[in-house]
Every structure is written in C-alpha cells, then in structure tokens.
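Working through the structure, step by step
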Amino acid sequence: MKILTTIEELRDIRKKINSSIGFVPTMGALHDGHISLIKKAREENKIVIVSIFVNPTQFLPGEDLDAYPRKDEADKKICNMCKVDYLFMPQISSMYTENEIKVKAPNTSYVLEGFSRPGHFDGVLQIVLKLFGLVLPTNAYFGKKDAQQLSLITQMVKDFFLPINIIPCEIVRETDGLALSSRNVYLNKKQREDALLISKSLYAAATLIAKEQRDVEIIKDKIYDIMQKLEVEYVAIVDREFNEVSKIDLNNTIILIVARFGNTRLLDNIWL
Ligand code: PAF
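Read on for an overview of the structure. (Residues numbered from 1 in each chain as written. Predicted model: local features only at pLDDT ≥ 70, side-chain atom pairs only at ≥ 80, totals over all residues. Heavy atoms only, no water.)

It is worth spelling out the overall build of the chain at this point. Counting its regular elements, the chain contains nine helices and nine strands. Its C-alpha atoms give the chain a radius of gyration of 19 Å, within 12% of the compact-globule value 19 Å for 272 residues. The dimensions of the chain, computed from C-alpha atoms along their principal axes, are 55 × 40 × 40 Å. Residues classed as buried in the chain amount to 52% of the 272 residues present. Pairs at least 24 residues apart make up 71% of the contacts formed inside the chain by residues separated by at least 6 positions. In the structure as shown, the chain presents an accessible area of about 13600 Å², 53% of it carried by carbon and sulfur atoms. Here the chain holds 36 positive side-chain charges and 36 negative ones, and the gap between their average locations is 4 Å. (Helix = DSSP H or I, 4+ residues; strand = E, 2+ residues; numbered from the N terminus. Rg over C-alpha atoms; globule rule 2.2 N^0.38 Å. Buried < 20%, exposed > 50% of the residue type's maximum accessible area, 1.4 Å probe, protein only. Contact = heavy atoms within 4.5 Å. Areas by Shrake-Rupley, 256 points an atom, 1.4 Å probe, with all protein chains shown as cover. Lys, Arg positive; Asp, Glu negative; His and termini not counted. Charge placed at Lys NZ, Arg CZ, Asp CG, Glu CD.)

What follows concerns the sheet that holds strand S8 (residues 254-261). Taking strand neighbours across the sheet as the criterion, the three strands line up as S7-S8-S9 in an open arrangement whose pairing is antiparallel. Because the sheet does not close on itself, it has two edges, and the strands there are strand S7 (231-238) and strand S9 (264-271). For this sheet, the mean angle separating the axes of adjacent strands, direction not counted, is 10 degrees. As paired strands, S8 and S9 are joined by eight bridges and run antiparallel to one another. Residue Leu 256 lies in a different strand from S9, and its bridge partner there is Asn 269. Its contacts with the sheet put helix H8 (residues 189-210) on S8 and S9, and the angle it makes with S8 is roughly 165 degrees. (Pairing = 2+ DSSP bridges. Axes fitted to C-alpha atoms, helices over the stretch in contact; angles between N-to-C directions.)

A separate point is the site of the ligand. The environment of the ligand is made up of Pro 25, Thr 26, Met 27, Asn 55, Gln 58, Ile 127, Val 128, Phe 142, Asp 146 and Gln 149. Contact between the ligand and Gln 58: an oxygen atom at 2.6 Å from a side-chain N or O atom of the residue. Between the ligand and the protein, one listed contact pairs an oxygen atom with a side-chain N or O atom of Gln 149 at 2.7 Å. Isolated, the ligand exposes 290 Å² of accessible area, and the fraction of that covered by the protein chains is 88%. (Near = heavy atom within 4 Å. Polar contact = N/O pair within 3.5 Å; in protein donor to acceptor, adjacent residues only side chain to side chain.)

So, in structure tokens, the structure goes:
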C-alpha cells in the first residue's frame, strides 16, 4: 500500500491507472463498517483507493471537529490489511482555498439531518465532489447508515453528470445490534447500554411490519415506547426521497432514528 499525502502524488498515480477504481472516502477512525466498504471495493475493482480526511466544512460551529477521533496509525494498518492500493491523507490547506465555489445541497434536504445540522450536507457534497475530481473513481462506496448523505451524493452524481457509480452498502452492527460508528467511542458504559434501545426499537418496528402492520403512527408509538428513557431527537418514517409517509410501503420506506447521549448524537435506520 502506498500512502499519498499530496494532490500532486495522487494526480501522478491516477494518470497511470487504466483499470477500474473502487473508492472509499472516510474521515478515519476506521471500524468494521468501513472495512466492509473497503472489502466490497476490493472484490469489485482492480485498484482500491481510500481517503482519510476529517473534513472541517461538514462540522457546524460547536460540533465535535476538534474531538473527532483520529487514529492515523491504526487506520494505516487496517488499510494495509485490507489490501488497499493507495491511501490518500491530504492536509486541510491543500483541499480548500479561500473564496472558492461552493456546492449547495437542495432546499429539500433541509429536513431530518439537514434540519438538525444546517449546512452539514453542503460541506459533505463539497468535499466528496473534490475527492471525486481527484480520484476519478469507477465505483464509490457509501454506507446506508448515513441515509440522507448517500441519497444526496447519488443525486449530485446524477445532477452533475459524473461518470461514477455510487454503491450503497449495508449497515454493520456489533453482535448486540449497535450500529457501528466512529462516534461510539464517546459513549460511557451506561450510554453504550442505553444506545442498544435504538436498534432494539428498529427491530421491534421490523417485527410489527412483518406482522402486516402498515400504520406509521402505531409503529412510531412502539419505537417511542421502547426508547422512552432516551433523549430522542427524531424518529422519522420516510420514502426514499425523505418525505414523511403515513403508510408503510414495503419497497420504499426508511425508518430513521437519532438519539442523543450527552454530547453524542447517534443515528441508525432500517431500509425496507
Ligand atoms: O461519511 C463520511 O465519513 C463523510 O461524510 C465523508 C463521506 C467521508 C465526507 O467527508
């Protein structure tokens, strides 16, 4: 595996690649969720490129940019073990300039995460577009846990006619059900235990739906009931365009939950 820290190095390497490239953009602190994306990229492409860049523009003032876990040495080992060809770890100063052109997420995205974190998706799209422009991947891999992010990146690729396939990847969970997230490290023992109520309530919703329940209010009641001791930010049952729905459609529904544990926000979801 070769580590690239400058745009020039990446550009030089990229010019010489004529085969399929699988790209996994990350902010580091890699866990099994990222590993599953990298493995899929490894299976489906000749060359695998991973980026690690804690992108400042997607953090709002007062969010955890400074505290965000950085584990560069462990991450390098993981990428090496996963047979990544190139690991791109640029400096902030090389990725951004002053007064640059900005990408703006559509107004319709200012719901759920877009509402709770206004401006977050502008930053995500800005950096992903820059990374796509440098890596020029064939396939790019994103987890379904960040459902709105995945949807907006898919839309950006379509709207800007980028010749890149966006590959959605399944959520990876601990054996007890907790969805993997780099932010799980912030949880203390009690919060970690309580956080299990999120996946528990999603499983309960899935069970109700399997028993033919289609009424969204009844399903939400069940979810809120299980999570009553948590600080729930939102429970939303939406279609793939993130419009709230009143009836479950088995081919077009996502159930999303965000809950807070102290300063830590955890999100999880299931796609029907
Ligand atoms: O999902 C993430 O880790 C980030 O939002 C991404 C896509 C790497 C952009 O910084």
